[in-house]
Amino acid sequence: MKTTHFAAALAVGMTAAAPALAELHFPSLSYRTGPFAPGGIPFADGYSDYLTLINERDGGIGGVRIRQSECETAYNTERGVECYQGLRGEDPLVLQPLSTGITYQLIPRTMQDQIPMHTMGYGRTSAVNGEVFNWTFNYPANYWDGASVIINYLLEENDGSLDDKKIALLYHNSAFGREPIPTLTRLSEREGFELLTIGVDSPGQQQSSQWLQIRRERPDYVIMWGWGVMNSTAIQEAANIRFPMENFIGVWWSGSEQDVIPVGAGAHGYKALAMHGTGRDYPVYDDLQTYVVDRGLAAGTGGELGTVNYSRGMYAAMLAVEAAKVAQEIHGVGQITPAMMRDGMANLVITEELMESLGLPGFGPAFEVDCTNHGGTGAAMIQQWDANAREWNLITDWILPDRELIMEMVMEDSLAYAAENDITPTCLDRSGG
Amino acid sequence: MPIEVFFAIEVAINGLMAGVMYALVALGFVLIFKASGIFNFAQGVMALFAALTLVGLQTGQIPFAHLINAIFGTRMHHFGWDLPTIVAIIGTMAVMVLLAFLVERLVLKHLVNQEPIILFMATIGLAYLLEGLGDVMWGAEVKQLDVGLPQGASVWIGDTTYALFGYDFFIDKLALWAAGIAAVLVIGLTLFSQYTRQGRALRAVADDHQAALSVGISLRAIWVLTWSIAGFVALVAGIMWGASSGVQFSLSLIALKALPVLILGGFTSIPGAIVGGLIIGVGEKLFDFFFQPIVGGATENWFAYMLALVFLLFRPQGLFGEKIIERV
């Protein structure tokens with residue numbers, strides 16, 4: 001694996017030394033080392049493999065080949081900012097920081113440098129307001145959507161009422177983990193459930209006191225906002241105290257194979273949000289196998305195809321490629337700039353027909369992006385782990401969040417940010433337009 | 001008795017169990033520091049490396065498979081057989097002894113008589129090297145470790161305490177096993193150091209390198225022995241931590257849990273590591289229990305260090321550490 005990366009780095013270096021050719025630069029701020037690497041590696045591999053597929057199968061986007069580069073952040077905010085400083089002069093079309101902490105640091109910098117950023121399912125939720133956050137996009141769903149989707153699912157499960165229910169939020173004690181608290185607090189006031197918030201220090205290998213508290217408080221449901229080892233530890237602790245797994249629901253960052261496999265049979269029945277489909281039953285995987293894995297071009301081993309985090313990386317790359325196509329169409333050129341890419345992202349339309357034509361029928365929701373909504377519909381599904389078959393099964397269709405409430409909160413937060421940073425909310429004109 | 005009191009007792013007992021897990025890591029640090037005066041920054045990574053090797057051997061994984069496949073274009077990942085746990089543990093121990101030998105040959109031998117800070121820096125380098133080696137050898141994906149240790153609530157304790165007090169205490173069976181294993185480990189280490197020739201040599205080196213050398217004790221052999229024992233302790237810690245949350249690279253961060261234990265218990269005392277671990281475990285859990293409603297929880301990481309700092313002010317050498325007296 002390391003050798004492949006070395007070869008890739010060499011190739012990138014050689015490309016950089018060659019005469020300037022038309023190319024579309026898609027960097028990846030990945031983390032293949034450190035405590036969170038098990039989640040970062042498959043995401044980075046999925047992202048890279050899809051871009052390789054576009055080069056190998058389609059000859060690039062609109063005839064212009066893709067250049068990939070990777071910068072290791074180790075899920076560390078300072079290193080993420082260093083990566084950005086190194087990349088900003090290389091015309092990166094879109095940045096995917098894969099960390100809420102890094103995202104918060106890069107929002108003002110990317111605004112200033114006019115480089116679009118896509119934070120899919122993470123980052124600053126109020127970036128949905130494209131009039132304030134012109135350069136940040138967080139479609140198809142964000143944390144507040146996720147929290148609301150879980151509550152809507154629980155409402156469905158409880159005949160429309162959560163009165164007198166107790167719900168515990170077990171969260172990673174970080175900017176990421178604290179994101180759903182405002183939404184859940186508002187929803188608890190509206191829906192009448194009691195909210196109990198329990199923090200876990202990073203990385204979260206020791207949670208006995210938190211789970212003793214859960215055992216004592218006896219909540220009806222536990223919602224988890226975790227990442228990395230915190231997830232498997234929490235699921236193990238839940239199994240230890242015999243908490244009913246079907247009442248334990250994680251965010252999409254707490255719902256991968258790595259979170260449940262270490263727990264074995266104890267994880268059976270655990271649920272998590274899914275912002276996209278999983279498994280290999282999508283035609284695009286045949287193409288990935290043929291054009292990427294079988295040709296020895298896969299970023300990883302090729303064995304991760306269809307796993308949750310790989311699928312998410314692939315989905316992020318797919319959305320980036322589709323936005324680049326829109327940008328090329330808008331501007332009538334193949335070689336687009338970061339500013340043009342932003343236009344493509346701001347006018348992206350994903351339909352069910354498009355998803356089917358890409359070999360991903362039903363994989364992600366249909367949505368449209370516009371200046372006032374950079375966040376899509378916020379829809380997500382619920383998946384449940386089958387420990388016997390060692391696979392995730394989708395148990396619901398797309399569930400919509402309470403967008404009225406979310407947008408109200410988005411406006412409050414984003415306008416406060418605009419006031420603090422002297423930003424006049426406005427829709428950006430198209431680049432060169 | 002009010003239920004809150006029972007709950008506080010339950011938290012304290014579980015804190016003791018967590019403390020045993022911290023002590024398991026701290027023990028490895030103490031062993032190496034005692035014998036060579038080196039603060040081994042790589043101890044946490046050694047636990048990770050040992051656990052990775054154990055799972056790899058157990059599941060018949062081919063070491064360096066990714067590298068081999070990338071160079072030769074093959075697609076080999078597994079030998080196709082599983083090893084019995086005991087054989088895999090013995091195999092892992094052999095790898096840890098080999099590692100100890102290599103550390104002595106390639107690192108320590110060349111740094112004899114250097115300042116302690118140089119040796120410390122060398123162990124930082126070793127930590128990153130081992131982490132990378134573990135990744136290349138066994139891959140970075142999360143692995144399930146099953147050595148047959150039971151997990152989950154002890155039903156017997158729950159039923160008994162319910163019958164006696166009307167409150168069913170929760171104690172994880174894995175934590176009970178960890179406590180038992182730690183006790184056996186400490187007794188074993190004590191017997192080894194008191195009643196064996198190698199153990200006495202080890203203590204002699206710990207007391208005075210020069211005097212030990214003058215009576216014919218091989219410093220290099222003792223270092224290999226010490227690092228091998230620390231490797232064994234790392235394997236035990238890796239098994240216990242890996243069994244509870246899977247074997248993944250965050251396992252190396254358990255070293256951070258051992259630091260306040262060492263500050264509290266002293267860097268040179270095996271009983272200090274145990275008592276320090278127990279104090280930190282109970283302290284952080286009870287603090288979280290009492291102050292969680294006020295400070296909002298997630299206090300465990302900083303509280304352990306705060307407690308250690310308070311101890312530092314009053315007993316810089318730790319509870320059981322040797323007082324450093326320098327004459328001028």
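Computed from a predicted model, the values in this text were never measured in an experiment.

Draft legend 1. The arrangement of the overall build of chain B in detail. The secondary structure content of chain B amounts to 13 helices and zero strands. Put simply, chain B runs from its N terminus to its C terminus through helices and strands in the order α-α-α-α-α-α-α-α-α-α-α-α-α. Relative to the 2.2 N^0.38 estimate, which gives 20 Å for 328 residues, the radius of gyration of chain B is 21 Å and therefore close to what a compact globule would have. Dimensions along the principal axes, computed over C-alpha positions, put chain B at roughly 65 × 60 × 40 Å. Residues counted as buried form 52% of the 328 residues belonging to chain B. Counting contacts in chain B only where the partners sit at least 6 residues apart, residues at least 24 apart contribute 74% of the total. Accessible surface computed for chain B: about 14,900 Å², of which carbon and sulfur atoms make up 70%. Charged side chains of chain B number 15 positive and 19 negative; the gap between the two group centres comes to 13 Å.

Draft legend 2. How the structure looks around the layout of surface pockets. Here the largest pocket is characterised by a volume of approximately 1,400 Å³. In terms of lining residues, the largest pocket is bounded by 49 residues, among which Thr301 and Gly303 of chain A together with His66, His77 and Glu141 of chain B are the most central. Every element with two or more residues in the lining of the largest pocket is listed here: α1 (2-17), α2 (37-58), α10 (257-260) and α11 (283-293) of chain A together with α2 (43-58), α3 (65-72) and α5 (116-138) of chain B. Looking at the lining of the largest pocket residue by residue, the classes come out as 19 nonpolar, 21 polar and nine charged.

Draft legend 3. Looking closely at the packing of helix α1 (residues 3-36) of chain B against helix α7 (residues 173-195) of chain B. All names here are of chain B. At a minimum axis separation of 8 Å, α1 and α7 run at an interaxial angle of 30 degrees. By the criterion of interaxial angle, the relationship of α1 to α7 is roughly parallel. Regarding α1 and α7, the two cross each other, and that crossing is left-handed. Mapping the contact onto sequence places Met17, Val20, Met21, Leu24, Leu27 and Leu31 in α1 and Ala175, Leu176, Ala178, Ala179, Ala182, Leu185, Val186 and Leu189 in α7. Residue classes in the contact of α1 with α7 are distributed as 14 nonpolar, no polar and no charged.

Draft legend 4. Broad picture of the interface of chain A and chain B. With 43 residues of chain A at the interface, the matching set in chain B holds 47 residues. Taken together, the two surfaces of chain A and chain B that pack against each other cover about 3,600 Å², and 52% of this comes from carbon and sulfur. It is Gln205, Gln206 and Leu212 of chain A that lose the most area in chain A upon contact with chain B, and together they represent 17% of the buried surface on that side. Applying the counting rule to chain A against chain B returns three salt bridges. The closest approach of N and O atoms between glutamate 4 of chain B and arginine 216 of chain A, which form a salt bridge, is 3.0 Å. Connecting chain A to chain B are 13 residue pairs in polar contact (both at pLDDT 80 or more). Tallying contributions element by element places helix α8 (residues 208-217) of chain A first for the side of chain A that touches chain B, with seven residues.

Draft legend 5. Region of interest: unusual backbone geometry. Residue and element names in this part refer to chain A. A cis amide bond links tyrosine 139 to the next residue, proline 140, at an omega of 5 degrees. For proline 140, the position within the fold is in the loop between β4 (136-137) and α5 (143-157). Although it is not a glycine, alanine 74 sits at a positive phi angle of roughly 55 degrees. Position of alanine 74 relative to the elements: it lies in the loop between β2 (66-72) and α3 (77-87).

Draft legend 6. Spatial organisation of empty space enclosed by the protein. Summed over all chains, the structure comprises five cavities of 30 Å³ or more. Along its surface, the largest cavity is lined by 18 residues, and Gln206, Ser208 and Glu237 of chain A together with Asp172 and Ala175 of chain B are the ones closest to its centre. Classifying every residue of the lining of the largest cavity by side-chain character gives eight nonpolar, eight polar and two charged.

Draft legend 7. Structural context of the UniProt feature "transmembrane region" (unreviewed entry) in chain B. Residues and elements named next belong to chain B. UniProt records the feature "transmembrane region" (unreviewed entry) at residues 6-33, 45-66, 86-108, 117-140, 174-193, 221-241, 261-282 and 294-314, using the numbering of this structure. Its end C-alpha atoms 40 Å apart, residues 6-33 is made of 100% helix and 0% strand. Split by type, residues 117-140 is 92% helix and 0% strand. Its first and last C-alpha atoms lie 31 Å apart.

Rules behind the numbers
- Residues numbered from 1 in each chain as written.
- Chains lettered and ligands numbered in written order.
- Predicted model: local features only at pLDDT ≥ 70, side-chain atom pairs only at ≥ 80, totals over all residues.
- Heavy atoms only, no water.
- Helix = DSSP H or I, 4+ residues; strand = E, 2+ residues; numbered from the N terminus.
- Rg over C-alpha atoms; globule rule 2.2 N^0.38 Å.
- Buried < 20%, exposed > 50% of the residue type's maximum accessible area, 1.4 Å probe, protein only.
- Contact = heavy atoms within 4.5 Å.
- Areas by Shrake-Rupley, 256 points an atom, 1.4 Å probe, with all protein chains shown as cover.
- Lys, Arg positive; Asp, Glu negative; His and termini not counted.
- Charge placed at Lys NZ, Arg CZ, Asp CG, Glu CD.
- 1 Å grid on protein atoms, 1.4 Å probe; cavity = no way out; pocket = protein on both sides within 12 Å on 5 of 7 lines; lining within 4 Å.
- Points joined across faces, edges and corners; volume = space filled by probe spheres on them.
- Nonpolar A, V, L, I, M, F, W, Y, C, P; charged D, E, K, R; others polar.
- Axes fitted to C-alpha atoms, helices over the stretch in contact; angles between N-to-C directions.
- Parallel < 35°, antiparallel > 145°, perpendicular 65-115°, else oblique.
- Left-handed = near helix turned anticlockwise from the far one by under 90°.
- Buried area = accessible area lost by both parts, 1.4 Å probe.
- Salt bridge = Lys/Arg side-chain N within 4 Å of Asp/Glu carboxyl O.
- Polar contact = N/O pair within 3.5 Å; in protein donor to acceptor, adjacent residues only side chain to side chain.
- UniProt positions renumbered as here; feature names shortened; annotations may be inferred.

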